[in-house]
There are 2 protein chains.
Amino acid sequence: MSLIQYLSKIQFDFGAIKLLSNELNLLGLKRPLLVTDPGIEACGILEHVLEAAKPHLPIVYSKTTENPNEKSLNECLEIWNKHNCDGLIALGGGSPIDLSKSIALMATHDGKLADYNIKTGGSSRIGRVAPQIAIPTAAGTGAEIGRACVMTLDSGRKCVAVNLNMVAKTVIADPELTLSLPAQLTAATGIDALSHSVEAYLSPSVNPPADAIALDGFVRASQWIKKATQNGNDREARWHMMMASLQGGMVLQKGLGAAHAMATPLGENHHHHGTLIGILLPHAIAFNAPSVSNKIENLQNAAGLKKPMSDWLQKLVHDINLPSRLSDLGETADKIPEIAKRAEEDHLTLTNPRAITAKDYETILKKSL
Amino acid sequence: MSLIQYLSKIQFDFGAIKLLSNELNLLGLKRPLLVTDPGIEACGILEHVLEAAKPHLPIVYSKTTENPNEKSLNECLEIWNKHNCDGLIALGGGSPIDLSKSIALMATHDGKLADYNIKTGGSSRIGRVAPQIAIPTAAGTGAEIGRACVMTLDSGRKCVAVNLNMVAKTVIADPELTLSLPAQLTAATGIDALSHSVEAYLSPSVNPPADAIALDGFVRASQWIKKATQNGNDREARWHMMMASLQGGMVLQKGLGAAHAMATPLGENHHHHGTLIGILLPHAIAFNAPSVSNKIENLQNAAGLKKPMSDWLQKLVHDINLPSRLSDLGETADKIPEIAKRAEEDHLTLTNPRAITAKDYETILKKSL
């Protein structure tokens with residue numbers, strides 16, 4: 001049985017941020033909480049967005065950390081209650097957007113965030129949450145359009161909550177906001193965007209509209225990621241990478257695979273998610289190739305790749321100056337069995353196109369080291 | 001600026017109808033009004049669907065006409081009020097689905113249906129309407145996933161209301177329900193499905209996810225329409241044609257073009273919509289070709305067509321035994337100037353890829369005669 005679902009309204013183009021005030025009106029928000037991070041504040045994007053929100057005056061929380069955590073969530077819930085907030089504006093990369101989802105959830109639900117973890121079956125109990133407008137400033141995670149929220153608990157463990165009710169009502173995707181993104185982040189988030197289209201396309205779920213979007217998203221990312229990385233002011237490249245990121249986000253409903261299943265436990269060691277994906281994806285594809293050779297061929301043909309996908313990906317990661325080995329990030333062989341075990345338990349293992357065990361994950365992780 | 005939006009939840013596959021009872025529960029519907037037509041009742045599909053609704057007992061209205069009208073709407077509103085209904089199940093082709101949308105609208109809004117006509121700016125005043133579950137029994141209109149509702153007013157004129165609030169909350173797309181569709185309806189609705197992907201793909205609106213879906217939907221329809229028409233029991237063909245129909249419906253948000261702009265006024269003469277589209281589309285494509293040759297080439301290449309699109313389409317219409325001329329339907333030259341004028345005024349003229357006037361429509365209509 002196929003479940004096919006798209007929910008968000010997306011305003012997309014250079015200058016789309018000017019619609020923020022009107023979109024706040026359309027959602028009827030009076031006291032929005034704007035969640036962002038120190039980098040977005042420092043580079044002037046926050047100011048630009050607050051200007052676009054006028055006459056609305058959002059309350060601002062700008063202390064989101066990379067791999068956002070429960071401490072930030074609790075600080076935000078205090079602000080939410082104090083100011084009687086009624087909705088959220090998530091501004092930034094995946095971190096503020098995930099933090100926003102967790103606030104939207106916990107401002108409207110009882111208990112602790114961990115109660116809604118997908119691993120313990122808690123995500124299915126998520127009902128209607130507070131309305132959110134997501135404004136991505138990086139072209140990568142697709143979090144702005146997705147239903148998943150990844151947070152680091154006080155225990156240090158990752159909590160993944162997944163429910164359609166957490167999807168942002170409105171996305172304002174303005175490539176202008178990505179022009180100042182540094183080359184390394186452009187590369188790392190871009191690889192993440194590309195990987196969503198690839199892993200979703202290869203996932204066995206039946207969803208032809210998502211497959212069509214994924215194929216197009218992969219081709220787009222493959223054609224523009226180098227240009228966006230080499231020249232951050234290439235507006236055309238920024239437009240296409242932001243579109244590829246949205247397309248990658250739209251197809252997450254098909255489920256991802258082995259690369260993301262490994263990236264979740266590895267992310268607990270404070271590595272950038274996209275950087276991890278760049279290292280892991282080529283090896284995950286090589287492992288999956290025997291089971292989905294036709295689909296991989298479709299991707300290769302559509303993008304006009306001259307090499308096998310996994311080789312092409314490794315070269316791409318090298319060309320855009322991302323680390324190509326887990327050891328470059330300080331990872332060591334002794335941690336591999338535990339990471340492999342955790343990857344096997346991850347819900348994304350179920351949508352990997354080839355059956356995969358902890359043993360297989362160990363082999364892949366060793367190759368990635 | 002690009003607005004990109006997908007709203008419905010779609011349950012798709014053979015046997016999906018078994019989910020009806022649960023989907024009614026999920027929407028919290030207690031007293032649904034089921035809207036269908038005499039053909040669906042006679043062939044046993046209604047009984048099958050009522051079985052799937054149990055323990056729910058929908059109130060049934062089965063008198064929907066082809067090109068549904070205001071009289072049916074008023075009858076349904078009486079039933080709605082009498083039974084204190086709280087939602088709709090639309091079962092059938094485009095007619096019951098459009099009638100359902102008009103009931104969902106008028107059960108929750110003041111005034112007359114004509115007040116919400118897109119031509120007079122009324123559609124923008126449409127707010128939240130009653131919840132609907134759409135169950136298509138033909139693979140064609142895409143009405144089950146679309147935001148438009150086309151009704152014949154008491155005056156004889158068509159009223160087109162268009163608003164995202166009218167999109168069905170849930171679509172249950174079960175190809176099983178299309179197995180008994182006669183060859184001529186399979187052909188005519190199939191051409192309509194195919195045409196949505198083609199006209200949306202050629203529309204100048206910027207929406208890459210919709211373009212990707214449209215390209216895939218066109219290829220799918222082009223590969224399976226003959227098989228579905230020649231052997232109604234070809235389950236694989238039925239699956240693909242229902243998917244192509246949904247894909248065509250998903251991309252309607254890009255806007256359609258000249259073929260549909262002409263089909264609206266011609267439809268007032270009680271012709272089947274898909275039959276009209278089969279006649280008009282090849283000529284509309286030929287007219288548009290100089291402006292969108294690249295896009296037409298993409299469609300041709302993706303589907304592996306050996307002829308120019310317009311020639312291929314004319315042959316296809318002939319091969320599936322549909323009329324190829326308006327005169328086959330009894331239309332005459334004297335009516336052309338009025339139809340052309342009305343087509344020029346249609347809102348879809350704005351999303352045709354080449355500027356087009358009443359004069360141009362006259363030329364196309366004469367060629368189609």
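Conventions and cut-offs
Residues numbered from 1 in each chain as written. Chains lettered and ligands numbered in written order. Predicted model: local features only at pLDDT ≥ 70, side-chain atom pairs only at ≥ 80, totals over all residues. Helix = DSSP H or I, 4+ residues; strand = E, 2+ residues; numbered from the N terminus. Rg over C-alpha atoms; globule rule 2.2 N^0.38 Å. Buried ≥ 20, exposed ≤ 12 C-beta atoms within 10 Å, placed from the backbone. Contact = placed C-beta atoms within 7 Å. Arc of directions from axis to C-beta. Core = buried A, V, L, I, M, F, W, Y, C linked by C-beta atoms within 7 Å. Domains from an automatic or database assignment. Nonpolar A, V, L, I, M, F, W, Y, C, P; charged D, E, K, R; others polar. Axes fitted to C-alpha atoms, helices over the stretch in contact; angles between N-to-C directions. Left-handed = near helix turned anticlockwise from the far one by under 90°. Pairing = 2+ DSSP bridges. pLDDT = per-residue confidence, 0-100. Parallel < 35°, antiparallel > 145°, perpendicular 65-115°, else oblique.

### Focus on the overall build of chain A
Part 1: Within chain A, the secondary structure is distributed over 14 helices and nine strands.
Part 2: Against the compact-globule benchmark of 21 Å for 369 residues, chain A has a radius of gyration of 19 Å, which places it among compact chains.
Part 3: Each of the three principal axes of chain A carries a C-alpha extent, and together these read 55 × 45 × 45 Å.
Part 4: Scored against the burial criterion, the 369 residues of chain A give a buried share of 56%.
Part 5: Sequence-distant contacts in chain A: of pairs separated by 6 or more residues, those separated by 24 or more amount to 81%.

### Observations concerning helix α14 (residues 358-368) of chain A
Part 1: Of the residues making up α14(A), those classed as buried are A:Y361, A:I364, A:L365 and A:S368. On an axial view of α14(A), the arc spanned by its buried residues comes to 100°, and they lie on one face.

### A closer look at the nonpolar core
Part 1: Within the largest apolar cluster, 240 residues are counted, with the highest numbers of intra-cluster contacts made by A:M262 and B:M262.
Part 2: Residues within four places of A:M262 in sequence aside, it is in contact with A:L280, A:I339, A:A343, A:Y361 and A:L365.

### Remarks on the domain arrangement of chain A
All names here are of chain A.
Part 1: The domains assigned to chain A are domain 1 (9-177) and domain 2 (183-368).
Part 2: For domain 1 versus domain 2, the distance between C-alpha centres works out to 24 Å.
Part 3: For the side of domain 1 that touches domain 2, the residue count by class is twelve nonpolar, eight polar and four charged.

### Focus: unusual backbone geometry
Residues and elements named next belong to chain A.
Part 1: K54 connects to P55 through a cis peptide bond whose omega is 5°.
Part 2: Following the sequence through the fold, P55 ends up in the loop between α3 (45-53) and β4 (59-61).
Part 3: Its identity is not glycine, yet H270 carries a phi of approximately 65°, on the positive side.
Part 4: Mapping H270 onto the fold places it in the loop between α9 (258-267) and α10 (273-288).

### Points about helix α12 (residues 309-319) of chain B
All names here are of chain B.
Part 1: Within α12, burial applies to M309, L313, L316 and V317. Buried residues of α12 fall within an arc of 100° about the axis and therefore sit on the same side.
Part 2: Residues of α12 that are buried in the fold lie against α6 (183-202), α10 (273-288) and α11 (293-303).
Part 3: In the segment just after α12, N321 is the residue with positive phi, at about 60°.

### Concerning the environment of B:F12
Residues and elements named next belong to chain B.
Part 1: Looking at the element boundaries, F12 is found in strand β2 (residues 9-12).
Part 2: Of the residues examined, F12 has 22 C-beta atoms within 10 Å and is grouped as buried.
Part 3: Spatially, the C-alpha atoms of F12 and W239 are 9.1 Å apart, while their sequence positions differ by 227 residues.

### Overview of the packing of helix α7 (residues 208-230) of chain A against helix α7 (residues 208-230) of chain B
The relative placement of two packed helices comes down to the angle between their axes together with the axis-to-axis distance.
Part 1: Two numbers describe how α7(A) lies on α7(B): the axes approach to 8 Å, and their chain directions differ by 115°. Here the hand of the crossing between α7(A) and α7(B) comes out right-handed. The residues of α7(B) that touch α7(A), namely those facing A:P208, A:P209, A:A212, A:I213, A:L215 and A:D216, are B:P208, B:P209, B:A212, B:I213, B:L215 and B:D216.
Part 2: Grouping the constituent residues of the contact of α7(A) with α7(B) by class yields ten nonpolar, no polar and two charged.

### Thoughts on the pairing of strand β9 (residues 170-173) of chain B
Side-chain direction in a regular strand flips from residue to residue, so the side chains alternate between the two faces of the sheet.
Residues and elements named next belong to chain B.
Part 1: Taking every second residue as pointing to the same face, both faces of β9 are buried, with T170 and I172 on one and V171 and A173 on the other.
Part 2: Here four bridges tie β2 to β9, and the two strands are oriented parallel to one another. Following the sheet pairing, K9 is matched in β9 by T170.
Part 3: One ladder, built from two bridges, connects strand β6 (residues 132-136) with β9; its direction is parallel. Bridge pairing in β9 links I133 to T170.

### A look at the confidence of the model for chain A
Part 1: Chain-level pLDDT for chain A is 94 on average; 98% of the residues reach the 70-or-more range.
Part 2: We note a pTM of 0.91 for the whole complex and an ipTM of 0.88 for its interfaces.

### So, the environment of A:I126
Residue and element names in this part refer to chain A.
Part 1: Among the secondary structure elements, I126 is positioned in the loop between α5 (94-106) and β6 (132-136).
Part 2: Between the C-alpha atom of I126 and that of S155, which follows or precedes it by 29 residues, the distance is 22 Å.
Part 3: Contacts of I126, omitting those with residues within four sequence positions, involve L105, H109, Y116, A161, N163, N165 and M166.

### Overview of the environment of A:L99
Part 1: Here A:L99 is to be found in helix α5.
Part 2: Residue contacts for A:L99: discarding those within four places in its chain leaves A:V35, A:T64, A:P68, A:S72, A:L73 and A:C76.

### Describing the pairing of strand β7 (residues 148-152) of chain B
All names here are of chain B.
Part 1: Burial analysis of β7 places five of its five residues in the buried class, which makes it a mostly covered element.
Part 2: Of the two faces of β7, the one carrying A148, V150 and T152 and the one carrying C149 and M151 are both buried.
Part 3: Where β7 lies against strand β8 (residues 158-162), five bridges are found, and the strand directions are antiparallel. When the sheet's bridge partners are listed, C149 is paired in β8 with A161.
Part 4: Between β7 and β8, which pair antiparallel in sequence order, lie five residues; one of them, G156, sits at a positive phi of approximately 95°.

### Brief notes about the packing of α10(A) against helix α12 (residues 309-319) of chain A
Residues and elements named next belong to chain A.
Part 1: Close contact between α10 and α12 brings their axes to 8 Å; oriented N to C, the two are set at 170°. On the basis of the axis angle, α10 is roughly antiparallel to α12. Contacts from G278, L281, P282, I285 and A286 of α10 reach α12 at M309, S310, L313, Q314 and V317.
Part 2: When its residues are assigned to classes, the contact of α10 with α12 shows seven nonpolar, three polar and no charged.

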